[in-house]
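Now for the letters of each chain:
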Amino acid sequence: AKSMTTFAPDLPGGGRYFCPETSRHFETAEALETHKKTKAFKKRLKELKEEPYTHEEAMMAGGMGPIDNGQPFGGGAVGGPPPATGEE
């Protein structure tokens, strides 16, 4: 299979045999095919299929969820006097 990449003399195999899932270069196409049968490659594929955490999920997990300062003034805060009804 002809690759669309250019020859890079400083990379193994001239940079032609690259595995994007593991970000590794290989000397030959055979080495790349052998790599795709390894446990490390299959594990990486499984990791890539999982949905990454969102920023909001990470903040919630770290105990930094949305700020909750209770009810605003005049909203019948717990422990405060009952709202005036005007019938005194």
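Please refer to the structure placed before this passage.
Residues numbered from 1 in each chain as written. Predicted model: local features only at pLDDT ≥ 70, side-chain atom pairs only at ≥ 80, totals over all residues. Heavy atoms only, no water.

**Student:** Talk me through the overall build of the protein; I want residue IDs and the actual numbers.
**Tutor:** Helices and strands together make up the secondary structure of the protein, namely three helices and two strands. The order of α-helices and β-strands along the protein, N terminus first, is β-β-α-α-α. Taking all 88 residues of the protein together, 10% fall into the buried category. Residue pairs at least 24 apart in sequence account for 5% of intrachain contacts in the protein once pairs closer than 6 positions are excluded. Of the accessible surface of the protein, which amounts to about 8,100 Å², a share of 58% is contributed by carbon and sulfur atoms. (Helix = DSSP H or I, 4+ residues; strand = E, 2+ residues; numbered from the N terminus. Buried < 20%, exposed > 50% of the residue type's maximum accessible area, 1.4 Å probe, protein only. Contact = heavy atoms within 4.5 Å. Areas by Shrake-Rupley, 256 points an atom, 1.4 Å probe, with all protein chains shown as cover.)

**Student:** With reference to specific residues and values, describe the pattern of salt bridges.
**Tutor:** Opposite charge on two side chains permits pairing when their charged atoms draw close. With the rule as written, the count across this model stands at one salt bridge. Residues Glu-47 and Arg-44 are paired through a salt bridge, measuring 3.3 Å at the closest nitrogen-oxygen approach. Of this pair, Glu-47 and Arg-44 both sit in helix α2 (residues 39-49), separated by three residues, roughly a single helical turn. Taking the relative accessible area as the measure of exposure, Arg-44 reaches 32% and is therefore partly exposed. (Salt bridge = Lys/Arg side-chain N within 4 Å of Asp/Glu carboxyl O.)

**Student:** Tell me about unusual backbone geometry, residues and numbers included.
**Tutor:** For Ser-23, which is not glycine, the phi dihedral falls at a positive 55°. Mapping Ser-23 onto the fold places it in the loop between β1 (17-19) and β2 (24-26). Ser-23 gets classed as exposed once you look at its relative accessible area, which sits at 53%.

**Student:** Any chance you could break down the environment of His-35 for me, citing the residues and the numbers?
**Tutor:** On the basis of relative accessible area, His-35 is assigned to the buried category, the value being 6%. Placed 11 residues apart in sequence, His-35 and Arg-24 show a C-alpha to C-alpha distance of 9.7 Å. Other than its neighbours up to four places away in sequence, His-35 contacts Cys-19, Thr-22, Arg-24, Phe-26 and Phe-41.

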